[in-house]
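Spelled out, the chains give:
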Amino acid sequence: MPRRVGILPVFIGAGFLAVALSFASDLRPFIPSEPPTASEQNLAVVVNLSNPIENLSMAELRNLFLGERSHWPNGRRITLVMMEPGQPERAAVLSLICQMSESDFKNHFLHGLFTGEVFVSPKTLATPVGVRKFVFNVPGAIGYVRATDVDASVKVIRVDERLPEEKGYKLHIPPRPSK
Amino acid sequence: MKVSTLPPSRVLPAPGLTGWRVRRRILPLLLASLVTATILQAQQPKPGDVTALDKQTLQLLLQRIDQLESRVRQLEAERQPAAVVSPAPGPTQKSAPPVNEAEQQAESQAESAVPERMDLSKTLLRLRGFGDITLHGDTRKGNTTAFTLGQLNLFVTSDISEKFKFLSEIVFEGGPDNIYGVTRGEINTFSVDVERYLVQYSYNDYLNVGAGRFHTAIGYYNTAYHHSTWFQTTTARPFLFQFEDRGGILPIHTVGVSAFGLIPSGRLGLHYVAEVGNGRASRSPLTQEPVQNVVDDQNHKAFNLALFARPEAIRGLQVGFSVYRDLLAPINSPRIGETILAAHAVFVRPRFEWLNEALVVRHAIFGTSQVFNTPGFYTQFSRQLGSYRPYFRYQYINASGTEPVFPDVRLRQGPSVGLRYDASESVALKLQYDYTDSRARAARNALALQVGFTF
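Looking only at helices and strands, one finds four helices and 17 strands in chain B. When the 455 residues of chain B are sorted by exposure, 29% land in the buried category.

Along the backbone of chain A there are five helices and eight strands. In chain A, the order of α-helices and β-strands from amino to carboxyl end is α-β-β-α-β-α-α-β-α-β-β-β-β. Long-range contacts, defined as pairs at least 24 residues apart, comprise 69% of the intrachain contacts of chain A with a sequence gap of at least 6.

Glancing now at the environment of A:Glu161. Of note, A:Glu161 is situated in the loop between strand E7 (158-159) and strand E8 (172-173). Separated by 105 residues in sequence, A:Glu161 and A:Leu56 place their C-alpha atoms 7.4 Å apart.

Attention shifts here to the pairing of strand E6 (residues 207-215) of chain B. Residue and element names in this part refer to chain B. Sheet analysis places strand E5 (residues 193-204) next to E6, joined by seven bridges and oriented antiparallel. From the neighbouring strand, Tyr201 faces E6, where its bridge partner is Val209. Taking the residues between adjacent antiparallel strands as the criterion, E5 and E6 are bridged by two residues. Of the strand pairs in this sheet, E6 and strand E7 (residues 253-262) are connected by eight bridges, and their pairing is antiparallel.

We now examine the pairing of strand E1 (residues 41-47) of chain A. Residues and elements named next belong to chain A. For E1, a buried count of seven out of seven residues is recorded, marking the element as mostly surrounded by other parts of the structure. Two strands pair when backbone bridges link them, and E1 and E8 are joined in this way by two bridges, in the antiparallel orientation. The partner of Asn42 across the bridge, within E8, is His172. Inspection of the sheet shows E1 paired to strand E5 (residues 141-146) by five bridges, in the antiparallel sense. Within the sheet, the bridge partner assigned to Val46 lies in E5 and is Gly143.

Residues and elements named next belong to chain A. Of the residues in chain A, 77% reach a pLDDT of 70 or more, and the chain-wide mean stands at 81. The spread of mean pLDDT over the elements of chain A runs between helix H1 (residues 2-26), the lowest at 55, and strand E6 (residues 155-156), the highest at 94. Taken as a whole, residues 1-5 scores under 50 in pLDDT and shows zero contacts with residues more than four places along the chain or in a different chain. Ignoring residues within four places in sequence, the model shows residues 28-32, a span with pLDDT below 50, making one contact including any to other chains.

Before going further, it helps to spend a moment on helix H2 (residues 58-65) of chain A. Residue and element names in this part refer to chain A. Turning to H2, its buried residues number three or more, namely Leu61, Arg62 and Phe65. Buried positions in H2, seen along its axis, are confined to an arc of 100° and lie on one side of it. Next to the buried residues of H2 lie E1, strand E2 (55-56), strand E3 (79-83), helix H3 (88-98) and E7. Looking one or two residues past H2, Gly67 carries a phi angle of roughly 70°, positive in sign.

Our next topic: helix H5 (residues 128-137) of chain A. The element H5(A) is extensively covered by neighbouring structure, given that nine of its ten residues are classed as buried. Buried residues of H5(A): A:Pro128, A:Gly130, A:Val131, A:Arg132, A:Lys133, A:Phe134, A:Val135, A:Phe136 and A:Asn137, and no others.

Before going further, it helps to examine the confidence of the model for chain B. Detailed reading of the predicted coordinates is not advisable wherever pLDDT falls low. Residues and elements named next belong to chain B. Summary statistics for chain B give a mean pLDDT of 78 and a share of 72% for residues scoring 70 or more. Scored below 50 in pLDDT, residues 81-86 makes nine contacts in the model with residues more than four places away or belonging to other chains. Per-residue pLDDT stays below 50 along residues 88-102; that stretch engages in 19 contacts with residues further than four places along the chain or on separate chains.

Core analysis: the biggest nonpolar cluster contains 39 residues, and B:Ile218, B:Leu240, B:Leu250, B:Ile340 and B:Ile397 have the highest contact counts within it. Contributing elements (two or more residues each) for this core: helix H4 (221-225), strand E9 (302-309), strand E10 (317-328), strand E11 (336-349), strand E12 (352-365), strand E13 (371-383) and strand E14 (388-398) of chain B. When residues in this core are grouped by element, the largest group, five residues, is from E11(B). In this structure, B:Ile397 is in contact with B:Phe239, B:Leu240, B:Thr374, B:Gly376, B:Val409 and B:Arg412, ignoring residues within four places of it in sequence. Counting 34 residues, the second-largest nonpolar core is a separate cluster that includes A:Val46, A:Phe65, A:Val81 and A:Ile97.

A few words now on the environment of B:Ile249. Residue and element names in this part refer to chain B. Of note, Ile249 is situated in the loop between H4 and E7. With 22 C-beta atoms counted inside 10 Å, the residue Ile249 sits in the buried group. With 148 residues separating them along the chain, Ile249 and Ile397 place their C-alpha atoms 10.0 Å apart. Excluding residues within four positions of it along the chain, Ile249 makes contact with Val361, Thr374, Phe406 and Val409.

Of note, A:Gln99 is a non-glycine position whose phi angle comes to about 55°, a positive value. Since 17 C-beta atoms lie within 10 Å of it, A:Gln99 is described here as partly exposed.

Residue and element names in this part refer to chain A. Direction vectors running N to C along H2 and H3 enclose 125°, while the axes themselves pass 9 Å from each other. One finds that H2 runs oblique with respect to H3. Crossing angle aside, the handedness with which H2 passes H3 is left-handed. In this structure, H2 uses Met58, Leu61, Arg62 and Phe65 to contact H3, whose residues at the interface are Val93, Ile97 and Cys98.

Reading guide: rules and limits
- Residues numbered from 1 in each chain as written.
- Chains lettered and ligands numbered in written order.
- Predicted model: local features only at pLDDT ≥ 70, side-chain atom pairs only at ≥ 80, totals over all residues.
- Helix = DSSP H or I, 4+ residues; strand = E, 2+ residues; numbered from the N terminus.
- Buried ≥ 20, exposed ≤ 12 C-beta atoms within 10 Å, placed from the backbone.
- Contact = placed C-beta atoms within 7 Å.
- Pairing = 2+ DSSP bridges.
- pLDDT = per-residue confidence, 0-100.
- Arc of directions from axis to C-beta.
- Core = buried A, V, L, I, M, F, W, Y, C linked by C-beta atoms within 7 Å.
- Axes fitted to C-alpha atoms, helices over the stretch in contact; angles between N-to-C directions.
- Parallel < 35°, antiparallel > 145°, perpendicular 65-115°, else oblique.
- Left-handed = near helix turned anticlockwise from the far one by under 90°.

Structure (structure tokens):
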């Protein structure tokens with residue numbers, strides 16, 4: 001028995017060391033995105049015109065788009081608007097904000113609903129026009145469109161204190177394929 | 001689901017007009033049209049008449065457009081009585097924000113206004129299923145290799161209103177006596193357990209309140225995986241978090257009220273959970289229903305308080321502790337004060353998982369100085385490599401042989417290694433080997449092959 005007790009901490013210690021080494025490789029620091037290339041466009045995060053929010057950090061955006069926040073600071077319930085899977089705007093949000101793949105994102109929401117922690121269920125829309133219309137009509141909505149698709153019906157918010165046209169803005173998207 | 005009320009536009013042939021008959025009747029008409037067109041071409045008006053004719057035609061067309069527009073408006077009004085706020089282009093929109101009081105109405109209007117396909121998040125009832133089937137065998141004397149039906153879990157949620165939500169887990173399960181759903185009864189009887197039954201109110205991110213039957217927020221595992229083996233990396237829960245009706249030592253379920261939410265703490269991401277409930281019945285006799293669903297055997301209520309942090313700096317890290325307090329009243333024994341202290345540090349990312357939990361169950365017998373401390377811990381590590389996820393778990397629990405509530409548990413410890421293969425987004429195959437060293441019994445080697453799925 002004493003021999004077993006002596007081996008156990010060594011065994012556990014070795015295991016923890018192995019895990020820590022493996023885990024260290026997974027802890028990649030957040031690398032700010034490169035400035036957009038000439039062909040890239042910016043992705044604008046849009047909210048309803050009545051929403052007093054002006055700026056969100058990347059961490060706050062991530063919490064919002066993962067359904068981990070259910071209410072705006074003014075008490076209004078958040079309604080999350082996503083574009084359909086396969087759309088480049090959605091791919092950019094999953095990659096740059098959520099840092100997840102499509103299947104990870106689905107699993108995250110399924111798990112969140114299962115645990116009861118996620119109160120927000122995303123709406124899925126197919127076109128930027130649909131996103132704009134929805135955000136215009138729903139005071140608690142937040143969505144995203146290309147900066148070139150923005151019009152006066154929605155409000156563009158700053159991300160880390162920067163608007164899409166400003167230098168250092170982090171959300172970029174490949175250009176829309178020409179037909 | 002929205003169903004169009006407009007009839008499908010189809011051209012139906014008149015009765016009797018089929019096949020060669022149709023061709024025979026249409027052919028003369030085509031010939032007549034051709035002749036008429038030729039005659040009309042020959043009778044083209046003089047240039048002076050063209051202007052008058054064009055003006056007349058234009059006037060008629062404009063009248064027709066007006067008639068059609070008014071008809072469209074009428075039809076739209078009939079189909080959608082509440083007019084949708086539609087964004088008109090131009091900067092003047094900023095002076096006409098939507099009416100805030102009618103958010104719910106605006107949301108539903110927006111949904112009907114947008115022609116794209118929507119998800120079903122506004123559906124009143126949502127159903128998701130989880131299940132597993134296992135082939136299991138071990139070296140313990142008397143045990144046989146068997147196919148085992150795992151828990152068939154129907155997870156039902158409903159957005160009752162903007163602030164209220166309902167969720168439940170309805171589980172069909174086989175008991176240890178080969179009975180499906182109950183621990184006593186006839187062989188192969190099917191039955192059902194309502195494992196979670198919870199109505200939740202969300203005031204804001206800082207205050208959410210739930211009432212009903214829920215999983216106690218002791219540690220991490222219990223509220224992270226609930227009754228779904230598909231969500232779990234491994235084939236089964238750790239000893240520490242085994243369900244009550246499977247010999248588990250913790251009050252996994254309770255019936256009562258729960259409050260949870262964020263604590264304003266900036267980048268530290270502090271959360272709280274506070275629970276009050278009936279607690280569990282004493283485990284003697286073992287066949288008794290351990291969760292006090294309807295009647296509490298005493299007025300004293302169980303309390304649980306949990307605090308945990310999810311710091312922004314390290315995404316996926318959660319560190320926390322919980323304190324649970326209850327009073328047990330076993331039959332023919334003095335009352336027992338129960339305190340459960342639990343701590344956890346977990347790091348979970350889509351490709352990586354490292355779970356560490358430790359706890360102590362303390363039982364103090366009233367009227368004596370006897371105190372029984374049962375420590376336990378587990379550590380679990382896994383990493384996703386493509387569709388494969390190899391994992392390792394070591395678990396330990398050490399209860400005294402004279403422990404008043406679970407004398408049968410005693411010392412159990414050992415490693416588990418396994419491989420999970422995600423055959424699709426919804427189906428996982430798992431192969432797991434367990435070695436369990438036990439003070440009460442001989443060491444056990446076990447092998448399990450499981451298919452876990454969601455549907």
